[in-house]
Amino acid sequence: MSIKKIAQEAGVSPATVSRILNHPDHKCKDESVKERVWECAIRMNYIPNLAARNLRLGRGEDRTENYCISILMSRMDETQSDPFFRELLRIVESEIHRNMCILDKVLYRPSFSDDRQCEKMNIEKTISEMYHDSPRKSDGILIIGKCNREVLKEINKQYKNVVSINRNSTNYEVDEVICDGRKIAALAVEYLIQLGHREIGYVGECRNEARYKGYLETLVKHGIDFNANYIFETKQTELEGYEVMEKLMQSGSYPSGIYCANDITAVGMLKCLKKYRRRRFIPSIIASDDIEEAQNVTPMLTTVRLPKDEMGRLAISLLLNRIRGEHTSVLRMEFEGKLMIRSSCEAIARM
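Residues numbered from 1 in each chain as written. Predicted model: local features only at pLDDT ≥ 70, side-chain atom pairs only at ≥ 80, totals over all residues. Heavy atoms only, no water.

1. Regarding the nonpolar core
Okay, so step 1: With 74 residues, the main nonpolar core has Ile 144 and Ile 285 as its most contacted residues.
Okay, so step 2: Each residue touching Ile 144, except ones within four places of it in the same chain, is listed here: Ile 71, Leu 72, Met 73, Ser 74, Arg 75, Phe 85, Leu 88, Leu 89, Val 92 and Ile 165. (Core = buried A, V, L, I, M, F, W, Y, C linked by side-chain atoms within 4.5 Å. Buried < 20%, exposed > 50% of the residue type's maximum accessible area, 1.4 Å probe, protein only. Contact = heavy atoms within 4.5 Å.)

2. Here we look at the packing of aromatic side chains
Okay, so step 1: Here the structure, examined in full by the defined rule, presents six aromatic pairs.
Okay, so step 2: With a centroid separation of 4.8 Å and 90° between ring planes, the pair formed by Tyr 131 and Tyr 159 is classed as edge-to-face. You can see Tyr 131 sitting in helix α7 (residues 123-132) and its partner Tyr 159 sitting in the loop between α8 (149-158) and β4 (162-166), a full 28 residues away along the chain.
Okay, so step 3: Using a relative accessible area of 3% as the deciding quantity, one classes Tyr 159 as buried.
Okay, so step 4: Measuring from centroid to centroid gives 5.2 Å for Tyr 202 and Tyr 215, while their planes differ by 35°, and the two rings are tilted. One end of the pair, Tyr 202, is in strand β6 (residues 200-204); the other, Tyr 215, is in helix α10 (residues 210-221), with 13 residues separating them in the sequence.
Okay, so step 5: Judged by its relative accessible area of 0%, Tyr 215 is buried. (Phe/Tyr/Trp six-rings, centres within 6.5 Å; stacked < 30°, edge-to-face > 60°. Helix = DSSP H or I, 4+ residues; strand = E, 2+ residues; numbered from the N terminus.)

3. Details of the sheet that holds strand β1 (residues 68-73)
Strand pairing in a sheet is mediated by backbone hydrogen bonds. Such pairs are either parallel or antiparallel.
Okay, so step 1: With parallel pairing, the six strands of this open sheet are ordered in space as β2-β1-β3-β4-β5-β11. Since the sheet does not close on itself, it has two edges, and those belong to β2 (102-108) and β11 (332-334), each with one partner. Sheet twist, expressed as the mean angle between neighbouring strand axes with direction ignored, is 15°.
Okay, so step 2: Where β1 and β2 come together, five bridges link them in parallel fashion. Within the sheet, the bridge partner assigned to Cys 68 lies in β2 and is Ile 102.
Okay, so step 3: On top of the sheet, α8 reaches β1, β3 (140-144) and β4; it is set at about 165° to β3, its chief contact. (Pairing = 2+ DSSP bridges. Axes fitted to C-alpha atoms, helices over the stretch in contact; angles between N-to-C directions.)

Structure below.
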């Protein structure tokens, strides 16, 4: 499948397709163009020219060019996406093509991150059907997002080579590239405490979630009692963030500081706060991920940046290393988050 055919299908120029497929940080005036190009490329089974030529000619001198890789998105489906995972997906897709590999397919299985749903699932049958559904045999699979432990074990049985990119550790079930959710949350909550906040809320997923554990542990470390009324378990979407803030503002009782487990939830909360900007006091909000929209919302969101470009590149490198048999022990590569101080948080004395 050529870039020219993808361009025709997507309604853009071949040059635009080439930039999008080869440069994950390429900015389009209309972001839907980038989404459309990637959807067409995957649907039409795009293969980088050199890899396609080697497959056609049967060349095997450089086996790297022929590897077939699948991606499993365990925290989002095709219709409801988390911008952080969408951005990470594009980085990984570009890296697969840059390494002259074949992207088999992107699998969306949000139920795999939900322990309650997994308890009702025939996991062995579900993973077996997923594995055999592909017309080509995958050399490896990259899991993006949190995954239920039993699901992860079954994936590891079916697929020979597995790497996970995550904020929740797999505890050495498979090779993983992580930015530890506990440390991310601790960095965010510590910053609120430095600003003088003692009533600190949490918005995000709670069950087996590293960021929630990090939030609680940091409060305990500083001798701060948590208020159960200020903990909101959500699916981490912009809409749910907006709704949580609406409830807080209408109740008239809310914490001085709030840690959101991800940026898009915080974006929803900040958008809701525009309705209440005349109020003398509004809560400080901090989150984690540093998606593009974090700097486009008003006020700009203070957050903990995850180095998704480096995480994506290293994950593919680690997967190819395992496929080639260059390591057999389970590896864990950890990145540190970085606090990005903007304008959504203020010190208590100034509020």
